[in-house]
Amino acid sequence: MHNPLRSEADAFRWVVIIGVGAVSVIALTLLTQPVVGVVWAAALVGFGVGIAYRGSRGSLPRSVAVTQGGDGKHRLLVVANETVGGAALLDEIRERCRDRDCRILVVTPALVSSRASHWASDTDEATELARQRMELSLIAIEGLGLKAKGEVGDSDPNVAIEDALRVFPADEIVISTHPPQRSRWLEHGVVGRAREQIDLPISHVVVDLAADRAIP
Amino acid sequence: MESATVALGSHAHEEHHGPPEANQSSRIDRQTLGILLFIVSEVMLFGAFFASYFFLRIVVHPPTWPPAPYKLPVAVAGVNTAILVSSSFTIHYALESIRRGNRKGLKLGLVLTWLLGATFLFIQINEYVHLGFSARDLAFGSIFYSLTGLHGAHVFVGLCLLSFATIRAFRGHFGSEEKDHMGVEIPGIYWHFVDVMWLIVYTAVYIL
């Protein structure tokens, strides 16, 4: 879930929006009748609630703040959940870090089973499972001779990416998913939304775990 | 958000003693989360007062609102609204200034915000003196003073918070890093909330 109110700047934006709405209600009421103002105010409140709801679900176009590194190191943000140990993803990481002083942050979103679980903060099991997958992925990346850090992220992969970018000045992002016919992330447009919101190179790696297991 | 490095490996959690680290999602810092939760509770408080207000207006439904012979000073309150709303711009200016490392702008913005807030409160008290009715005059008087008084109390609290922030600014506190100006950011969010609530109170009580 995207929090639409994270800072004073967000609060100020809301003041301006609500202020403009209030001025329009006041003007309409003074020019016509109070009942017209009431109807207009109700319409604006309904519209505002709809916008806030869409914003909280990440449906609205927005841009994600990106921090800058500037120390010559190449920083790779890897976002994956069940596909963290996939051969295609490891190949991609190896390729991206070839001949570079590379810093890697692996984010594994804690995927809860339902929206109700998310709202009830029933995320302990999901967090623990994500942590285990994250540690396995770190070991797999260590096997490539690379150093990496890991974090368990928000259950919404796009929020998890946004959170990570606040503290990790990534130069590029790799998002790993299942093949299209089995990927809920692709179904929800995670990769497309990330490309719209983030001004960084984003690679999408499809990991077919079944095919990986079939290889002896 | 839970984190680990490859150096710690899978044994990191076996070596950990004490309660588990808090899982901080969405990276909202604790102070901001605290003020947001507080504001949510405040919205509920105002909601209870608005419920009473609209009950009186819609369910009791007097022939005129305000009930004759009372009148509300719409124009004076409108000017007061403009004063309070402009203080949101000045507190935002103060924060934008400190984000850019402009300490002079921070001080100027905070002082202006405090003065505008104090002016609002002064005009409101002056309005109470000259209204010609009290909280004991009908349910209308009770709900009018309750709603505007509740908001006035919030302005007073906001002014106290701004006073602390202003004193600290003049003592050289606060910096451009986000973590270094939380003492202005949090009162700023609260102040915007107070402004938004007044816009709603003014529109509902004085205009509609």
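This structure is a prediction, so every number in the text was calculated from the model and none was measured.

The rules behind the values
Residues numbered from 1 in each chain as written. Chains lettered and ligands numbered in written order. Predicted model: local features only at pLDDT ≥ 70, side-chain atom pairs only at ≥ 80, totals over all residues. Helix = DSSP H or I, 4+ residues; strand = E, 2+ residues; numbered from the N terminus. Buried ≥ 20, exposed ≤ 12 C-beta atoms within 10 Å, placed from the backbone. Axes fitted to C-alpha atoms, helices over the stretch in contact; angles between N-to-C directions. Parallel < 35°, antiparallel > 145°, perpendicular 65-115°, else oblique. Left-handed = near helix turned anticlockwise from the far one by under 90°. Nonpolar A, V, L, I, M, F, W, Y, C, P; charged D, E, K, R; others polar. Contact = placed C-beta atoms within 7 Å. Pairing = 2+ DSSP bridges. pLDDT = per-residue confidence, 0-100. Core = buried A, V, L, I, M, F, W, Y, C linked by C-beta atoms within 7 Å. Arc of directions from axis to C-beta.

Colleague: Can you break down the overall build of chain A residue by residue, with the values?
Modeller: Of regular secondary structure, chain A possesses nine helices and five strands. Its helices and strands in sequence order give chain A the pattern α-α-β-α-β-α-α-β-α-β-α-α-β-α, from N to C terminus. Here chain A holds 216 residues, and the buried ones make up 35% of them.

Colleague: Tell me about the environment of Asp-29 of chain B, residues and numbers included.
Modeller: You can see Asp-29 of chain B is positioned in the loop between strand S1 (3-5) and helix H1 (30-60). For the pair formed by Asp-29 of chain B and Met-182 of chain B, sequence separation is 153 residues and the distance between their alpha carbons is 9.8 Å.

Colleague: Got a sec to walk through the packing of helix H2 (residues 74-99) of chain B against helix H3 (residues 103-130) of chain B? Specific residues and values, please.
Modeller: All names here are of chain B. For the pair H2 and H3, the least separation of the axes is 8 Å and the interaxial angle reads 160°. Viewed along their axes, H2 and H3 adopt a mutual orientation that is roughly antiparallel. Seen along the crossing, H2 lies across H3 with a hand that is left-handed. Taken together, the residues of the contact of H2 with H3 break down into 14 nonpolar, eleven polar and two charged.

Colleague: How would you summarise the environment of Leu-150 of chain B if you had to cite specific residues and measurements?
Modeller: All names here are of chain B. Structurally, Leu-150 is set in helix H4 (residues 138-170). In the structure, Leu-150 is positioned 101 residues away from Phe-49 in sequence and 8.9 Å away in space, judged by C-alpha atoms. In this structure Leu-150 touches Phe-46 and Phe-49, once residues within four positions along its chain are discounted.

Colleague: I'd love a proper account of the pairing of strand S1 (residues 74-79) of chain A, names of residues and values included.
Modeller: All names here are of chain A. Here S1 runs beside strand S2 (residues 102-109); their pairing, made up of six bridges, is parallel. Looking at S2, one finds that Leu-76 is bridged to Ile-104. Note that S1 and strand S4 (residues 172-177) share four bridges and pair parallel. Bridged to Leu-77 within S4 is Ile-173.

Colleague: So what's going on with the packing of H3 of chain B against H4 of chain B? Residues and values would help.
Modeller: Residue and element names in this part refer to chain B. At their nearest, the axes of H3 and H4 sit 9 Å apart, and the two run at 155° to each other. Taken together, the axis directions place H3 and H4 in an arrangement best described as roughly antiparallel. Crossing handedness for the pair H3 and H4: left-handed. Taken together, the residues of H4 that come into contact with H3 (itself represented by Leu-106, Lys-107, Leu-110, Val-111, Thr-113, Trp-114, Gly-117, Ala-118, Phe-120, Leu-121 and Gln-124) are Thr-148, Gly-152, Val-155, Phe-156, Gly-158, Leu-159, Leu-162, Ser-163, Ala-165, Thr-166, Ala-169 and Phe-170.

Colleague: Give a detailed account of the confidence of the model for chain A, specifying residues and quantitative values.
Modeller: Confidence in the prediction for chain A averages 83 pLDDT; 84% of positions are at 70 or higher. Across chain A, the element-wise mean pLDDT spans from 66 in helix H9 (residues 209-214) of chain A up to 92 in helix H1 (residues 8-31) of chain A.

Colleague: Would you mind going over the confidence of the model for chain B in detail, with residue names and values included?
Modeller: Residues and elements named next belong to chain B. With 87% of its residues at a pLDDT of 70 or more, chain B shows a mean pLDDT of 86. Ranking the elements of chain B by mean pLDDT puts S1 last, at 50, and H3 first, at 95. Contacts of residues 5-14 to residues separated by more than four positions or lying in other chains number eleven contacts, the stretch itself having pLDDT below 50. Complex prediction metrics read pTM 0.71 and ipTM 0.82.

Colleague: Give a detailed account of the nonpolar core, specifying residues and quantitative values.
Modeller: Counting 46 residues, the largest nonpolar core has Ala-94, Leu-110, Tyr-190, Val-194, Trp-198 and Tyr-202 of chain B as the members making the most contacts within it. Put simply, the parts of the chain that give this core at least two residues each are H1 of chain A together with H2, H3, H4 and helix H5 (182-207) of chain B. Ranked by residue count, the leading element in this core is H5 of chain B, at 16 residues. Discounting residues that sit within four places of it in the chain, Val-194 of chain B has contacts with His-154, Val-155 and Gly-158 of chain B. Core analysis: the next-biggest nonpolar cluster, separate from the first, contains 40 residues, Leu-90, Ala-140, Ala-170 and Val-190 of chain A among them.

Colleague: I'd like a description of unusual backbone geometry, backed by residues and values.
Modeller: One can expect most non-glycine residues to show negative phi and most peptide bonds to be in trans. Residues and elements named next belong to chain B. Following Trp-65, the chain continues to Pro-66 via a peptide bond in cis, the omega torsion being 0°. In this fold, Pro-66 is placed in the loop between H1 and H2. Across the junction of Ala-68 and Pro-69, the peptide omega takes the value 5°, indicating a cis bond. Along the polypeptide, Pro-69 turns up in the loop between H1 and H2.

Colleague: Talk me through helix H3 (residues 87-96) of chain A; I want residue IDs and the actual numbers.
Modeller: Residue and element names in this part refer to chain A. Taken together, the buried positions of H3 are Leu-89, Leu-90 and Ile-93. Projected down its long axis, H3 carries its buried residues within an arc of 95°, all on one side. In the core, the buried residues of H3 are packed alongside S1, S2, helix H5 (124-142), S4 and strand S5 (202-206).

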